[in-house]
Amino acid sequence: MIRRNIALFKCMNFLNGLWLFSALAVIYFDQVTHSYALAMLAFSLVNISQSIAEIPCGMFSDRISRKNTMLLGSIFMFVNMLLWALAGFLESPVLLFLGSALRGIGLAFKSGTDTAMIYETLQQIRQRRLFMDILSKITSFYQLGALLAAFAATFITYYFSLQTLVYLAIIPFFLNVIVTSLMINPKSYFEEGMSPIKQLKKSLSTFVKNRKLRRYAVLQIFNNALLVSTFRFESTYYEKLIPLYFVNITRALQHSLGWLSFHLVPLVSKINLLKLLCYSTLGNALVRLIGLLMNNPITPFFTSMQNLFYGSAVSSSATLLQKEYNKGLRATLDSIVGLFGGIATAGVGYLFGLAADIYSSRAILFIAAFCSLALAFVYGRLFKPVKLK
């Protein structure tokens, strides 16, 4: 019975990917707030609220129930989409920001719990060694959903309004609540009788004592902050090069290559995980830099190739962290990483918007690409190519 969790995670990721206005979210938020800085602040509030809720949600997941934690996350994200849709209808930045806060809490409930639940499900059916390959296949369904969403968004924005697109985006998040409710809780490895304070202290001591885990976590935090902020912001640059409905086509191409990248993971899974992470980060940064140098209508289509490196980067990074986490505290440990990751993403995202109100979108994306390039060299120099067991 518990095997169905894998299929349900694929379905859940597919529905998460059907965020119909993902490519145009900054543009939609700008229409509500009339400022790029405030539009990016809406995203930053997602990260701030997620950061605040990360550790309590992770502790709840380890102590109480993986399934119930995932279900609460789906409910919060459904309400978030309702508020975002109302924000555009009523032209209310307050509803927009409130929706962002609820989305952050929803993501906090799911953050860490999803990978922990997948890992423990595989552990229970004695297929833990296949974690990286199965995780990549599950995550590929998000890209598949996002690909379909981008094509649908292209059609809808061509014939209808952006507000209509936002209304329709509510449906997949409602269906996600139903899918999550069908999941089965895996066996718990939580130490009975452990107080919440002891649980948190034990998790923090793991970071203090485990040097490898600290390094993996810090680099993932900064890498993710750069990539997420770039992904959210790049449409503001693309709309200056191509018509708005073409932005969705480039996003569709990006997600199709992302889907392909996750299916290529088994072919490169024999490569040392640290090397794979370094090469993936380097490839992503170089594609973005070349595209920005081109600075013509081909740029959005060319830079979509950065997603060819996405699957290997996500899968190798997640596997490295899971290898270092203590069983029974996986969600709490991942929530600590998520806490600092959310703070970093919120800060970087808001700086993107603030700087774009003064400078050009292209200049901001150039800086982000150079930072990613520098991070790739850090991956290459900081770690010795030691094969992890």
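Residues numbered from 1 in each chain as written. Predicted model: local features only at pLDDT ≥ 70, side-chain atom pairs only at ≥ 80, totals over all residues. Heavy atoms only, no water.

Caption draft 1: Unusual backbone geometry, seen in detail. The phi torsion at Glu91 lies on the positive side, around 50°, for a residue other than glycine. Here Glu91 is to be found in the loop between α4 (66–90) and α5 (93–110). A positive phi angle, near 50°, is found at Asn295, a position not held by glycine. On the basis of relative accessibility, which here comes to 33%, the residue Asn295 falls in the partly exposed class. (Helix = DSSP H or I, 4+ residues; strand = E, 2+ residues; numbered from the N terminus. Buried < 20%, exposed > 50% of the residue type's maximum accessible area, 1.4 Å probe, protein only.)

Caption draft 2: Spatial organisation of a nonpolar patch on the surface. On the surface, a cluster of nonpolar side chains totalling about 810 Å² of accessible area is made up of Phe155, Tyr158, Tyr159, Phe160, Tyr245, Phe246, Leu253 and Phe301. Secondary structure elements with two or more residues in the nonpolar patch: α7 (131–159) and α12 (244–263). Topologically, Phe155 is positioned in helix α7. On the basis of relative accessibility, which here comes to 48%, the residue Phe155 falls in the partly exposed class. (Patch = residues over 30% accessible without salt bridge, like charges linked within 9 Å, V, L, I, M, F, W, Y side chains within 5 Å. Areas by Shrake-Rupley, 256 points an atom, 1.4 Å probe, with all protein chains shown as cover. Salt bridge = Lys/Arg side-chain N within 4 Å of Asp/Glu carboxyl O.)

Caption draft 3: View of the packing of aromatic side chains. Counting across every chain of the model gives twelve aromatic pairs. On the basis of an interplanar angle of 90° and a centroid distance of 5.6 Å, the ring pair of Trp19 and Phe21 is categorised as edge-to-face. Judged on exposure class, the residue Trp19 and its partner Phe21 are both buried. Where Tyr237 meets Tyr238, the ring centres are 6.0 Å apart and the plane angle is 45°; that geometry is what we call tilted. Exposure remark for Tyr237: the relative accessible area of 4% places this residue in the buried category. A network of ring pairs unites the aromatic residues Trp19, Phe21, Tyr28, Phe29 and Trp84 as a single cluster. (Phe/Tyr/Trp six-rings, centres within 6.5 Å; stacked < 30°, edge-to-face > 60°.)

Caption draft 4: Geometry of the pattern of salt bridges. Summed over all chains, the structure comprises one salt bridge. In this structure, Arg66 engages Glu120 in a salt bridge whose closest nitrogen and oxygen atoms are separated by 2.7 Å. In this pair, Arg66 is assigned in helix α4 and Glu120 in helix α6 (residues 113–124), connecting sequence segments 54 residues apart. Comparing Arg66 with Glu120, the two get one shared label, buried.

Caption draft 5: Focus on the side chain of Ser140. Locating Ser140 in the fold gives a position in helix α7. Among the residues examined, Ser140 registers a relative accessible area of 0% and is labelled buried. Ser140 has contacts with Trp259, Phe262 and His263, leaving out every residue within four places of it along the chain. (Contact = heavy atoms within 4.5 Å.)

Caption draft 6: Geometry of the packing of α4 against α6. Packing of α4 against α6 brings their axes to within 10 Å, and their N-to-C directions diverge by 145°. Here α4 runs over α6; the crossing is left-handed. Every residue of α6 that contacts α4 at Arg66, Lys67, Thr69 and Met70 is listed here: Thr113, Asp114, Ala116, Met117 and Glu120. Residue classes in the contact of α4 with α6 are distributed as three nonpolar, two polar and four charged. (Axes fitted to C-alpha atoms, helices over the stretch in contact; angles between N-to-C directions. Left-handed = near helix turned anticlockwise from the far one by under 90°. Nonpolar A, V, L, I, M, F, W, Y, C, P; charged D, E, K, R; others polar.)

Caption draft 7: Representation of the nonpolar core within the structure. Of all hydrophobic cores here, the largest spans 74 residues; its most connected members are Phe9, Trp19, Phe21, Phe29, Met81, Trp84 and Leu165. Here the element with the most residues in this core is α4; it accounts for eight residues. Excluding residues within four positions of it along the chain, Phe29 makes contact with Phe21, His34, Ala39, Ala42, Phe43, Trp84 and Leu96. Core analysis: the next-biggest nonpolar cluster, separate from the first, contains 27 residues, Tyr216, Leu273, Leu320 and Ile336 among them. (Core = buried A, V, L, I, M, F, W, Y, C linked by side-chain atoms within 4.5 Å.)

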